[in-house]
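What the coordinates show
Below are the chains, spelled out letter by letter.
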Amino acid sequence: MNDTNLLIKDLTGYPPTWCPGCGNFGIIRAIRLALAQQNLTPSDIFVTFDIGCSGNMNDFLNANSMHTLHGRAIATAIGIKLAHHTKPVLVVGGDGGLYGEGGNHFLHACRGNHDLTIIVHDNMVYGLTTGQVAPTANKGYKSRSTPSGIIETPINALALAISQGATFVAQTFANDAKHMAEMITKGMQHKGFSVINILQPCVTFNKINTFEYFLKRSYKLVDHDAHNMHSAIIKSLEAMEEKFPLGVLYENKDRLPFHEELLGMDGNDTLLSSQRYTDYDILTQRLS
Ligand SMILES: Cc1ncc(C[n+]2csc(CCOP(=O)(O)OP(=O)(O)O)c2C)c(N)n1
Ligand code: SF4
């Protein structure tokens, strides 16, 4: 076994309980691949998981991790990053948890440019609770919670992230582990708030947004200037025409991540260092 395969084995937890054919199988493969290719062991990283089929990955991926409350995975990750900013912190959750219940946290984490990598399983439904509409569902989508069709228009998470201050925004598709791993690695290597939106078919409860649906409507970005916010927003708006660009839509390397702007947080000095916590004279000197 080569080093990458050994690391993948280390990162492997219990066997997944997802429905056969679920897009989540590809996503976990890609996450393990991205981590192993960066030589990261389970103890080199922190991961917070939201609640949902996506968040159940907490049991299937070996890592320092926390299975948080629904919609609270980003808030928890911000705390972990501030306390221990020297390690990469990932967030794994569904479009319901991260854009719905946790939408407020998402929005303000973009503004803060917190150095986190957010991996969103975007399946347009609430999978774990058996298929109610998520905020990304298209207007008119019929589900158990909206038998006559949803009245609201879908949230455009990519446009929202770009316009609210996220500094790395990418989209990928659950049928392409290599592309997902590449986007996750790029997101992790970016210093700042990175969002990886993964189009993830829920084969049991979403009979509209299937693998075939995304295959027909997605395409890889070529000759796209990811450093141009205007072009990135234009690309993100293609979702309104049910077109899904795959790749890095937006990247801004000019902004510092939140923890680097925090007073006195430099180098390897973390909030966990006992001196910072207990020596109030030092703290007052820094504040004066
Ligand atoms: C505050 C709160 N509201 C609702 C629930 C019930 N609940 C559990 S999972 C879930 C839906 C999860 O959907 P999503 O976040 O899209 O993840 P998926 O299961 O699709 O991966 C809901 C509504 C909860 N656990 N906590
Ligand atoms: S309910 Fe949907 S998202 Fe959840 S495991 Fe089954 S196919 Fe996957």
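Up top is the structure.
Notes on the structure in this doc start here. The structure presented is a predicted model; accordingly, all values stated were derived computationally and were not measured. For every chain, the first residue of the written sequence is number 1, and numbering continues from 1 onward in sequence order. For this description, chains carry letters from A and ligands carry numbers from 1, given in the order in which they are written. Totals for whole chains, interfaces and linings use all residues, but because this is a predicted model, local features are given only for residues with pLDDT of at least 70 and pairs of side-chain atoms are given and counted only at 80 or more. In computing side-chain properties, one takes all heavy atoms of the structure into account and sets aside hydrogens as well as water.

**Overview of the sheet that holds strand S4 (residues 117–122)**
Strand pairing in a sheet is mediated by backbone hydrogen bonds. Such pairs are either parallel or antiparallel. Read from one edge to the other, the open sheet built from eight strands follows the order S2-S1-S3-S4-S8-S7-S10-S9, with strand pairing classed as mixed. Each end of this open sheet is capped by a strand with a single partner; those strands are strand S2 (64–67) and strand S9 (218–220). Within this sheet the neighbouring strands show an average axis-to-axis angle of 20°, counted without direction. Pairing between strands requires that DSSP locate at least two bridges from one strand to the other. Note on conventions: DSSP H or I runs of at least 4 residues are helices, E runs of at least 2 residues are strands, and numbering of each starts at the N terminus. Taken together, the six bridges between strand S7 (residues 168–173) and strand S8 (residues 194–199) define a ladder with parallel strand orientation. In the strand pairing of S8, Phe 168 is matched with Ser 194. The contact definition used throughout considers only heavy atoms, calling two residues in contact when any of these lie within 4.5 Å. Interaxial angle, 0 to 180 degrees, is taken between N-to-C directions of lines fitted to C-alpha atoms, where a helix line uses only the stretch in contact. Lying over the sheet, helix H7 (residues 177–189) contacts strand S3 (89–94), S4, S7, S8, S9 and strand S10 (244–251), oriented at roughly 165° with respect to S7.

**Quick word on the layout of surface pockets**
In this structure, the largest pocket spans a volume of roughly 400 Å³. Points on a 1 Å grid, built from protein atoms alone, make a cavity when a 1.4 Å probe fits but cannot get out and make a pocket when they are open with protein on both sides within 12 Å along at least 5 of 7 lines; residues with an atom within 4 Å of a point are the lining residues. Along the wall of the largest pocket there are 25 residues; nearest its centre are Pro 154, Ile 155, Asn 156, Ala 239 and Met 240. For the lining of the largest pocket, the secondary structure elements donating two or more residues are helix H6 (157–164), S8, helix H9 (229–236) and S10. Residues are grouped as follows: nonpolar covers Ala, Val, Leu, Ile, Met, Phe, Trp, Tyr, Cys and Pro; charged covers Asp, Glu, Lys and Arg; every other residue, Gly included, is treated as polar. Here the residues of the lining of the largest pocket are counted per class, giving 12 nonpolar, eight polar and five charged. Grid points are joined across faces, edges and corners, and a volume is the space filled by probe spheres set on the points.

**Quick notes on the packing of aromatic side chains**
Two aromatic rings from Phe, Tyr or Trp, using only the six-membered ring of Trp, form a pair when their centres are within 6.5 Å; if the ring planes differ by under 30 degrees the pair is stacked, by over 60 it is edge-to-face, and anything between is tilted. Applying the stated rule across the entire model yields nine aromatic pairs. Here Phe 106 and Phe 193 contribute two aromatic rings whose centre-to-centre distance is 6.0 Å and whose plane-to-plane angle is 65°, an arrangement assigned as edge-to-face. Here Phe 106 is found in helix H5 (residues 103–112), whereas its partner Phe 193 is found in the loop between H7 and S8, with 87 residues between them in sequence. You'll find Phe 106 and Phe 193 in the same group, each marked buried. Their ring planes at 40° and their centres at 6.1 Å tell us that Phe 173 and Phe 211 sit as a pair that is tilted. Taken together, the residues span a long stretch of sequence, with Phe 173 in strand S7 and Phe 211 in helix H8 (residues 211–217) at a distance of 38 residues. Looking at Phe 173, the relative accessible area reads 3%, which means it is buried. In this structure an aromatic cluster arises from ring pairing among Phe 173, Phe 211, Tyr 213, Phe 214 and Phe 244. Exposure categories follow from relative accessible area, calculated using a 1.4 Å probe and restricted to protein chains: below 20% of the type maximum is buried, above 50% is exposed, and the middle band is partly exposed.

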